Amino acid sequence: MTEHRLVSPDDEDYPEGLLDLENPPPLFMLGETTTAPAVAVVGTRRSTRYGMNLAGAFGRALARAGWTTVSGLARGIDAAAHRGTLEADGQAVAVLGSGIDVVYPAEHGEIYHRILDGHGAVMSEYPPGTPPDRWRFPARNRLIAAIASAVVVVEAGEKGGALITARLAAELGRPVFAVPGDVDRAASKGCNLLIRDGAHPALGVEDLIAELELVLGKPPRRPPPTRITIPPTGVTIDDLPGLWGCTPAQALARLARMEIAGEVRRSGDLVAPI
Amino acid sequence: MYAATTSVALVGGEARPVEVQAHVGRQTEAFKLSGLPDTAVREAKDRVRAAVTSSGIRFPNRTVTVNLAPADLPKGGTDYDLPIALGILAASREIPDLRRAVVVGELALDGAVRAGSNALGAGVLSARHQVPCLVASSAAAEAASIPGATAYGVSSLADAVDLLRDGLEGTEPARPRETVAAEPSPDLADIKGQTMARRALEVAAAGGHHLLLHGPPGAGKTMLARRMIGILPRLEVTEAIETAMLWAAAGRRRGLDTTPPFRSPHHTASKAALVGGGSGNPVPGEASLAHRGVLFLDELAEFPRGHLDTLRQPLEEGVVSVARRGTSVDFPASFQLLAATNPCPCGYHGDGRRPCECRPAIRWRYRSRISGPLLDRFDLIVRVGRVEAGEYSGQAGEASSEVATRVERARVAQLGRGQVNRYLAPGEALLESLAARGLVTAAVGNVLLTARGADRVRRVARTIADLAGVDQVEEEHMAEAIGLRGEWRDD
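Rules and cut-offs
Residues numbered from 1 in each chain as written. Chains lettered and ligands numbered in written order. Predicted model: local features only at pLDDT ≥ 70, side-chain atom pairs only at ≥ 80, totals over all residues. Helix = DSSP H or I, 4+ residues; strand = E, 2+ residues; numbered from the N terminus. Buried ≥ 20, exposed ≤ 12 C-beta atoms within 10 Å, placed from the backbone. Contact = placed C-beta atoms within 7 Å. Pairing = 2+ DSSP bridges. Nonpolar A, V, L, I, M, F, W, Y, C, P; charged D, E, K, R; others polar. Axes fitted to C-alpha atoms, helices over the stretch in contact; angles between N-to-C directions. Core = buried A, V, L, I, M, F, W, Y, C linked by C-beta atoms within 7 Å. Arc of directions from axis to C-beta. Parallel < 35°, antiparallel > 145°, perpendicular 65-115°, else oblique. Left-handed = near helix turned anticlockwise from the far one by under 90°. pLDDT = per-residue confidence, 0-100. Right-handed = clockwise from strand over helix to strand, strands pointing away.

1. Topic: the overall build of chain A
Here is step 1 of the chain: Along the backbone of chain A there are 9 helices and 12 strands.
Here is step 2 of the chain: Counting over 274 residues, chain A shows a buried share of 51%.
Here is step 3 of the chain: Relative to all contacts within chain A whose residues are 6 or more apart in sequence, the contacts with residues 24 or more apart total 70%.

If you want it as structure tokens, here you go:
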């Protein structure tokens, strides 16, 4: 596991959107941030299956269109959005309401680790080890609202974190999208209220992407990953993690892909390009 | 006058009751012993007589006949001394009858009771038949730690006689000792560099995969192998008992140690030492002493090929059958095989920094000492490269305890599915994503893997996914598994 780092508003990789806050806090960060504009996909923890499916579809579509997605690693909509992003091999940012090394809820460890495995970043304003206290979550929501260039609320109750995120985003001038739903369904009441108050209705995956591109413009294409190379004289297998800046497990996986692609050859301890 | 008591015989690491029958007749003084005793048991006659006399008890000057039944159970060792002595004393009415007790212990000539190797077996019978057992005081805690056993410790024959005359009811049985404090095994943190080999060790531990490490001398193959125990899950108490019973059958005391056993026989070991057998009563070999643990064969290519091939039965079936005229004894031998070898006689083939001095034919002959069927057993064949002196300065590696936590979690996931991944049949219960399956198919298509190699890689990928804590084997897990294999035959 890579070491976490503390970034302050003066640092280069400090998320730009946070500078719109009155008091941008220093952040603990793990993983790599991208410069691609981010879209937050948030919603209630008590989501319906319909909402989860939709959040997953949004996550996938946003990732394919080149957006980074932001969410809070919570149960329900947040997790579905993260998973969708990862499925499409996109970049995700998880903003935690606990210390950066405290995975809450614990069953989301898989999402957490996959994000850190080259799929984005995890950040928090709390020092490592901070427990996930309920009262910290509204403060976390303001970070999500600020990091994102737009906020999509998939399902939300009449009260709750997702509405707070949406309101804060609106105050910061970020466009807010909400998925309309049945007027008598608890998980849709918040979204319908947002639409009444002026949020863009998100009428499906394609509609959302089209609206986003209309409001914010197309995200810049992600630069193709820098080509992984091996010096012609060859290196030992144990050199690879250092050379590529990754874990031994990742280095082995990359090496295997290159072998299958016929780019490198192994002989004894040495790996050399063909 | 007749009396009987019960003792223990170990057959294939399993405790069986032996009835010790004693008869004191009217004829002139004599002492007869029957019931297939071995030399040590036959010598019990002299020890028993001396111990009884030294304890100030009269040894009957009549015809004493002792029979150990059933006669077809092989009986060896010195653990029958105490039951024979007490049987005789009961038959001559010196003490009350003790038919409903299991007795085990060796007698010194002065009457002191020493722990033989069967105290655990006495505990097992005590628990199984709900009767008390009488063992040397130094082994009482061990016998008492078998769940359900009632054990009494005695330090001398006189002590035992007093205890039986007073009756067991008034005496407190020995307290169990939960587990033996394990001696600390060497820690992975001692190993600098070798990141890939460490990963291979972790994956092997997690899936219980047989692992072959090959590489130049001084690469640290043996150091790595010796650190396997520190990252393996602890044994269950039932498993610790199984292993300890096999040790007892080999005449060794292990106690209820929940550390998995680690055995590393030298390459000059005989076949019998390796898999069991020997003259007289069959004795378990290293394969069984490593039951539920690790059998480490260092310098694998130096072992005679015939010896290695005898390991194929335990590797396939988890037992060793030792045949004897008219009978055969099965010793459990379910172990994880760990082996290390040089790539060639000089050791430097494939080193990249130092040339190999071996002619190809010599190298080929060296490698062919390890038979194909045995090689096929290793799910992981991993190259361990040499670390240059300068690279030692790198930061210390991760400690064994951290790796052990991940291994434990991966094991729990596997046992939830029913078995450790080592036992997965080709294609069984793998749950692979399409991308993962595509990758391994591509590797076979590129002749990077053989069909058998692909089966092994898929089992290993399953373990890597378990280590990552996910249900489905993803492409990245499969890729890592393909990356982990280090060719042995083709480089």
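2. Re the sheet that holds strand β11 (residues 264-267) of chain A
Two orientations exist for strands paired in a sheet by backbone hydrogen bonds: parallel and antiparallel.
Residue and element names in this part refer to chain A.
Here is step 1 of the chain: Spatially, 3 strands are ordered β10-β12-β11 in an open sheet, and the strand pairing comes out antiparallel. The strands lining the two open edges of the sheet, one partner per strand, are β10 (235-236) and β11.
Here is step 2 of the chain: Pairing of β10 with strand β12 (residues 270-273), which is carried by 2 bridges, proceeds in the antiparallel orientation. Bridging from a neighbouring strand, Val235 pairs with Val271 of β12.

3. Observations regarding the interface of chain A and chain B
Here is step 1 of the chain: With 20 residues of chain A at the contact, the number on the chain B side is 25 residues.
Here is step 2 of the chain: Secondary structure elements with two or more residues in the side of chain A that touches chain B: α3 (109-116) and α9 (248-260) of chain A.
Here is step 3 of the chain: Here the side of chain A that touches chain B takes 9 residues from α9(A), the largest share from any one element.
Here is step 4 of the chain: For the side of chain A that touches chain B, the class distribution of residues is 10 nonpolar, 5 polar and 5 charged.

4. A short note on unusual backbone geometry
One can expect most non-glycine residues to show negative phi and most peptide bonds to be in trans.
Here is step 1 of the chain: Residue Tyr104(A) is joined to Pro105(A) through a cis peptide bond whose omega torsion reads -5°.
Here is step 2 of the chain: The topology assignment puts Pro105(A) in the loop between β5 (92-95) and α3.
Here is step 3 of the chain: For the bond running from Ala69(B) to Pro70(B), omega is -5°, close enough to zero to count as cis.
Here is step 4 of the chain: Structurally, Pro70(B) is set in the loop between β4 (63-69) and α3 (81-91).
Here is step 5 of the chain: Backbone geometry places Leu73(A), a non-glycine residue, at a positive phi of 60°.
Here is step 6 of the chain: Among the secondary structure elements, Leu73(A) is positioned in the loop between β4 (68-71) and α2 (77-87).
Here is step 7 of the chain: The backbone of Gln130(B) shows a phi angle near 55°, a positive value even though the residue is not glycine.

5. Things to note about the sheet that holds strand β6 (residues 120-124) of chain A
Residues and elements named next belong to chain A.
Here is step 1 of the chain: Strands sit in the order β1-β2-β6-β5-β4-β3-β7-β8-β9 across an open sheet of 9 strands; the sheet is mixed. Both edges of this open sheet fall to β1 (5-7) and β9 (200-201), since each of them pairs with a single strand only.
Here is step 2 of the chain: Looking at chain direction, strand β3 (residues 38-42) and strand β7 (residues 150-153) are connected through 4 bridges and run parallel. Across the sheet, residue Ala40 finds its bridge partner in β7, namely Val151.
Here is step 3 of the chain: In this fold helix α1 (residues 49-65) packs onto β3, β4 and β7, with an angle of close to 175° to the strand it touches most, β3.
Here is step 4 of the chain: On top of the sheet, α3 reaches β2 (27-31), β5 and β6; it is set at about 120° to β6, its chief contact.

6. Observations concerning the nonpolar core
Here is step 1 of the chain: By size, the foremost hydrophobic cluster in this structure holds 160 residues, and its most contacted members are Ala85(B), Cys133(B), Val135(B), Ala143(B), Ala200(B) and Leu380(B).
Here is step 2 of the chain: Not counting residues up to four positions away in its chain, the partners in contact with Val135(B) are Val104(B), Gly105(B), Ala115(B), Ala119(B), Ala122(B), Ala140(B), Ala143(B), Ala151(B) and Gly153(B).
Here is step 3 of the chain: Phe28(A), Leu62(A), Val93(A) and Ala162(A) belong to the second-largest nonpolar core, a separate cluster that totals 67 residues.

7. Here we look at the pairing of strand β3 (residues 30-34) of chain B
One face of the sheet, then the other: side chains in a regular strand alternate in exactly this way.
Residue and element names in this part refer to chain B.
Here is step 1 of the chain: β3 sits mainly on the outside: 0 of its 5 residues count as buried.
Here is step 2 of the chain: As paired strands, β3 and β4 are joined by 5 bridges and run parallel to one another. Residue pairing for β4: Lys32 is matched across the bridge by Thr65.

8. Observations regarding helix α4 (residues 119-129) of chain B
Residues and elements named next belong to chain B.
Here is step 1 of the chain: Extensive coverage of α4 is indicated by the burial of 9 of its 11 residues.
Here is step 2 of the chain: Those residues of α4 not exposed but buried are Ala119, Leu120, Gly121, Ala122, Gly123, Val124, Leu125, Ser126 and Ala127.
Here is step 3 of the chain: Gln130, located one to two residues past α4, shows a positive phi value of around 55°.

9. Section: helix α2 (residues 44-54) of chain B
Since there are 3.6 residues in each turn of an α-helix, residues three or four apart along the chain are aligned in direction.
Residue and element names in this part refer to chain B.
Here is step 1 of the chain: Those residues of α2 not exposed but buried are Ala44, Arg47, Val48, Ala51 and Val52. Projected onto a plane normal to the axis of α2, the buried residues spread over an arc of 125° and lie on a single side.
Here is step 2 of the chain: Of the residues trailing α2, Gly56 is marked for its positive phi of about 80°.

10. Section: the packing of helix α17 (residues 434-445) of chain B against helix α19 (residues 475-484) of chain B
Packed helices, taken two at a time, are described by the angle their axes make and the gap between the axes.
Residues and elements named next belong to chain B.
Here is step 1 of the chain: The interhelical angle for the contact between α17 and α19, taken along N-to-C directions, is 30°, at an axis separation of 7 Å. Taken as axis vectors, α17 and α19 run roughly parallel relative to one another. As α17 packs across α19, the resulting crossing turns out to be right-handed. Packed against α17, whose contacting residues are Ala435, Ala436, Leu439, Val440 and Ala443, the element α19 presents Glu475, His477, Met478, Ala479 and Ile482 at the interface.
Here is step 2 of the chain: The class makeup of the residues in the contact of α17 with α19 is 8 nonpolar, 1 polar and 1 charged.

11. Quick notes on the confidence of the model for chain A
Residues and elements named next belong to chain A.
Here is step 1 of the chain: Per-residue confidence for chain A averages 87 on the pLDDT scale, and 96% of its residues sit at or above 70.
Here is step 2 of the chain: Per-element mean pLDDT across chain A ranges from 80 in β10 up to 96 in β7.
Here is step 3 of the chain: A low-confidence stretch, residues 223-227 stays under pLDDT 50, and its non-local contacts, those more than four residues away or across chains, total 0 contacts.

12. Comments concerning the packing of helix α7 (residues 195-207) of chain B against helix α16 (residues 400-417) of chain B
Residues and elements named next belong to chain B.
Here is step 1 of the chain: Relative orientation of the contacting elements α7 and α16 amounts to 35°, with a least axis distance of 8 Å. Relative to α16, α7 is oriented so that their crossing is right-handed. Contact residues: Glu202, Ala205 and Ala206 in α7; Val403, Arg406, Val407, Ala410 and Arg411 in α16.
Here is step 2 of the chain: Looking at the contact of α7 with α16 residue by residue, the class counts come to 5 nonpolar, no polar and 3 charged.

13. Overview of the pairing of β5(A)
Residue and element names in this part refer to chain A.
Here is step 1 of the chain: Of the two faces of β5, the one holding Ala92 and Ala94 and the one holding Val93 and Val95 are both buried throughout.
Here is step 2 of the chain: Following the backbone out of β4, through α2 and into the adjacent parallel β5, one traces a crossover that is right-handed.
Here is step 3 of the chain: Sheet analysis places β5 next to β6, joined by 4 bridges and oriented parallel. Across the sheet, Ala94 pairs through a bridge with Val122, a residue of β6.
Here is step 4 of the chain: Regarding topology, α3 serves as the crossover connection from β5 to the parallel β6, and that connection is right-handed.

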